[in-house]
Amino acid sequence: MSRIAPFAPRPPDALPGCRHVLVTGGGASGVLMAVHLLTRDEAIRVTLIEGRHILGCGIAYSTRDSDHLLNTRVHNMSAFPDAPQHFQHWLEARPEGRGKTPNTFVSRQTYGAYMGDLLTPWQGAGNRLTCLRRQVLRLEETAGGVVAHLDGGARLSGDLAVLATGHAVPGPDPEGLVLGAWATVPPTPVGAPVVIVGSGLSMVDQVLSLVKSGHRGPILTVSRRGQMPRSHARSTPMAVGRCDVPFGAPVSRLLRWARGLAGEAEAQGGTWRDAVDGIRNHAAAIWQAMGLEERARFLRHAVAWWEVHRHRIPAASGDGILDAVARGQLVHRRGAFLRAERAPDGSLRAVIRPHGQGAEVALPAARIIDCRGIRHDPEANASPLIADLLARGAARIDPLRLGVEVTDDCRLVAADGRASDRILAIGPASRAAFWEITAIPDIRAQVAMLAARIAAAA
Ligand SMILES: Cc1cc2nc3c(=O)[nH]c(=O)nc-3n(C[C@H](O)[C@H](O)[C@H](O)COP(=O)(O)OP(=O)(O)OC[C@H]3O[C@@H](n4cnc5c(N)ncnc54)[C@H](O)[C@@H]3O)c2cc1C
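Residues numbered from 1 in each chain as written. Predicted model: local features only at pLDDT ≥ 70, side-chain atom pairs only at ≥ 80, totals over all residues.

A.B. asks: Describe helix 12 (residues 440-457), listing the residues and the values that go with them.
C.D. replies: The end-to-end C-alpha distance of helix 12, which contains 18 residues, comes to 25 Å, matching closely the 26 Å that a straight helix rising 1.5 Å per residue would cover. Of all the positions in helix 12, only Ile440, Ile443, Arg444, Gln446, Val447, Leu450, Ala451 and Ile454 are classed as buried. Buried residues of helix 12 fall within an arc of 160 degrees about the axis and therefore sit on the same side. Packed against the buried residues of helix 12 are strand 1 (20-24), helix 1 (28-40), strand 7 (160-163) and strand 16 (419-425). (Helix = DSSP H or I, 4+ residues; strand = E, 2+ residues; numbered from the N terminus. Expected span 1.5 Å × (residues − 1). Buried ≥ 20, exposed ≤ 12 C-beta atoms within 10 Å, placed from the backbone. Arc of directions from axis to C-beta. Contact = placed C-beta atoms within 7 Å.)

Next up, the structure:
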């Protein structure tokens, strides 16, 4: 299989002259892109196009439950890599910031408000930012720029387009039997059983919300690996230099190396977290140095291990989960979720195959909530915009089916392998190229770099 050039800060190809940037998607990535561009160069205008009613929130920060906490501490959530205290200072100026230290985990709702507020100085008449509440249905490259086709029929021209459209997320279950991870769960009889598919971060959110609402019935989670996110504790990231990383090594060796670092951290009085946080800075480069076969092996064998150690939950959330387990309300079961169905009496049940067993088991459930997270087939779950780019050959799905294919300087790759001069992708929409590009510290570094390149071409 083909090898992929190791990630290295090589000079990216120059972008064409650029004054007006169309950013599609007004979640955290789109807002960060807009603000970095506007801050960087006063010659640049930005149109931010978001299909939903709120800006800056996207999937992650739309929750209204104040128990849904960030899994990153305040001191690491600034919008600007070169102003690390920006979020902290914003927080200190607000009532909800009282008593919060840089090491606190605040609610995701609060963070959504911060993201939205970043746009405030740029909005208003005569300013360089325009925000539109529209769906982009088509993006076309023309000889001199890009044209976005919006729902309602309008067209908008720009010099460059940035896709900040996030992960492919499945639409609602057509039969209405399974609820999505980010749907509001309708009131559930307090004693009734709930089945949650998946045992990651979204499962944690759902369990905490159910318990908070007074739910007392059994909650059963089903997941293939039975791995739960680990809790945060004090961590001092190990100093792992580029020359320490075995770039291009097989996954088995990378895992041995990571375990070795964890052992070293523990021998020095720390924990495995110090090793994971030290490695994390190199995660995108490690991914880019892997060949396709190794990437596939990582996704098959190591991803569950990496994710539960890397994407940790605040101790308060972890304690809530452990309490529910201790009182027997929450039970984790290893197995495969097969389907949701109605029993002959009309009641709902989740059909699973427990790990190591051939037989199916039908579990009664008042609600079934699908919390399998963000790894969904990007083609089957493509939004109309992505489906249109794929249908016209302006984009293609990467060989591991993580998302649209993107170069290591964020250009969209067409079906014929040509990298676009005019359409770029950022954040989770660029995951196939970078893998670890979901958390704010990674996204803000990516948009800062891209804003500098776009400004250089303005
Ligand atoms: C539940 C959850 C919790 C997280 N917690 C943390 C955390 O604590 N710390 C951290 O660092 N990271 C966290 N993350 C990760 C990270 O912050 C998110 O991945 C990030 O918010 C990604 O934002 P995004 O804008 O790329 O995507 P999304 O949030 O998916 O937003 C994409 C936006 O684009 C819009 N859109 C899509 N297509 C179109 C179109 N064609 N036209 C117009 N609009 C369109 C959508 O409506 C949506 O609002 C979390 C992620 C999740 C899911």
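The discussion continues.
A.B. asks: Residue-level account of the domain arrangement of the protein, with values.
C.D. replies: Looking at the assigned domains, one finds that the protein contains domain 1 (20-169 + 375-457), domain 2 (178-230 + 313-370) and domain 3 (242-310). Distance from the C-alpha centre of domain 2 to the C-alpha centre of domain 3: 30 Å. Listed per partner, the contact involves 6 residues of domain 2 and 4 residues of domain 3. A class-by-class count of the residues in the side of domain 2 that touches domain 3 yields 2 nonpolar, 2 polar and 2 charged. (Domains from an automatic or database assignment. Nonpolar A, V, L, I, M, F, W, Y, C, P; charged D, E, K, R; others polar.)

A.B. asks: How would you explain the nonpolar core if you had to name every residue and give the values?
C.D. replies: Formed by 89 residues in total, the largest nonpolar core has its most connected members in Val21, Val23, Ala34, Val162, Leu424 and Ile426. Ranked by the residues each element gives to this core, the list is headed by helix 1, at 8 residues. For this core, the two domains that each supply at least three residues are domain 1 (20-169 + 375-457) and domain 3 (242-310). Ignoring anything within four residues of it in the chain, the contact list for Ile426 reads Ser29, Met33, Val162, Ala164, Cys410, Ile443, Gln446, Val447 and Leu450. (Core = buried A, V, L, I, M, F, W, Y, C linked by C-beta atoms within 7 Å.)

A.B. asks: Explain the packing of helix 1 against helix 12 to me, and be specific about the residues and the numbers.
C.D. replies: Following both chains from N to C, one finds helix 1 and helix 12 inclined at 40 degrees, their axes separated by 9 Å at the closest point. Here helix 1 is positioned oblique relative to helix 12, judged by the angle of their axes. Once helix 1 is placed against helix 12, the crossing between them reads as right-handed. Mapping the contact onto sequence places Ala28, Ser29, Leu32, Met33, His36, Leu37 and Arg40 in helix 1 and Ile440, Ile443, Arg444, Val447, Ala448, Ala451, Ala452, Ile454 and Ala455 in helix 12. Here the residues of the contact of helix 1 with helix 12 are counted per class, giving 12 nonpolar, 2 polar and 2 charged. (Axes fitted to C-alpha atoms, helices over the stretch in contact; angles between N-to-C directions. Parallel < 35°, antiparallel > 145°, perpendicular 65-115°, else oblique. Left-handed = near helix turned anticlockwise from the far one by under 90°.)

A.B. asks: How would you summarise the site of the ligand if you had to cite specific residues and measurements?
C.D. replies: Close to the ligand lie 33 residues, the nearest being Gly25, Gly27, Gly58, Gly166 and Gly427. The set of elements that each furnish at least two residues to the shell around the ligand consists of helix 1, strand 2 (45-50) and helix 4 (201-212). (Near = placed C-beta within 6 Å.)

A.B. asks: A description of the environment of Leu390 should follow, citing residues and the corresponding values.
C.D. replies: One can find Leu390 in helix 10 (residues 384-391). Beyond its immediate chain neighbours, meaning those up to four positions away, Leu390 contacts Glu379, Ala382, Ala395, Arg396 and Ile397.

A.B. asks: So, helix 3 (residues 108-118): which residues are in play, and what are the values?
C.D. replies: Within the sequence span of helix 3, burial applies to Arg108, Thr110, Tyr111, Gly112, Tyr114, Met115 and Leu118. At its buried positions, helix 3 is contacted by helix 1 and helix 2 (86-92).

A.B. asks: Help me get a handle on unusual backbone geometry, residues and values and all.
C.D. replies: One non-glycine residue, Arg401, lies in positive phi territory at about 60 degrees. Relative to the elements of secondary structure, Arg401 occurs in the loop between helix 10 and strand 15 (411-413). The phi dihedral of Cys410 falls on the positive side, at around 75 degrees, and the residue is not glycine. Topologically, Cys410 is positioned in the loop between helix 10 and strand 15.

A.B. asks: An account of the sheet that holds strand 5 (residues 146-150) is requested, with residue identities and associated values reported.
C.D. replies: Adjacent strands of a sheet form backbone hydrogen bonds with each other and so pair up, either parallel or antiparallel. One open sheet accounts for 3 strands, arranged 4-5-6; its pairing is antiparallel. Edge positions in the sheet fall to strand 4 (136-141) and strand 6 (155-158), since each has one partner strand and no second. On average, adjacent strands in this sheet sit at an angle of 20 degrees to one another, irrespective of strand direction. (Pairing = 2+ DSSP bridges.)

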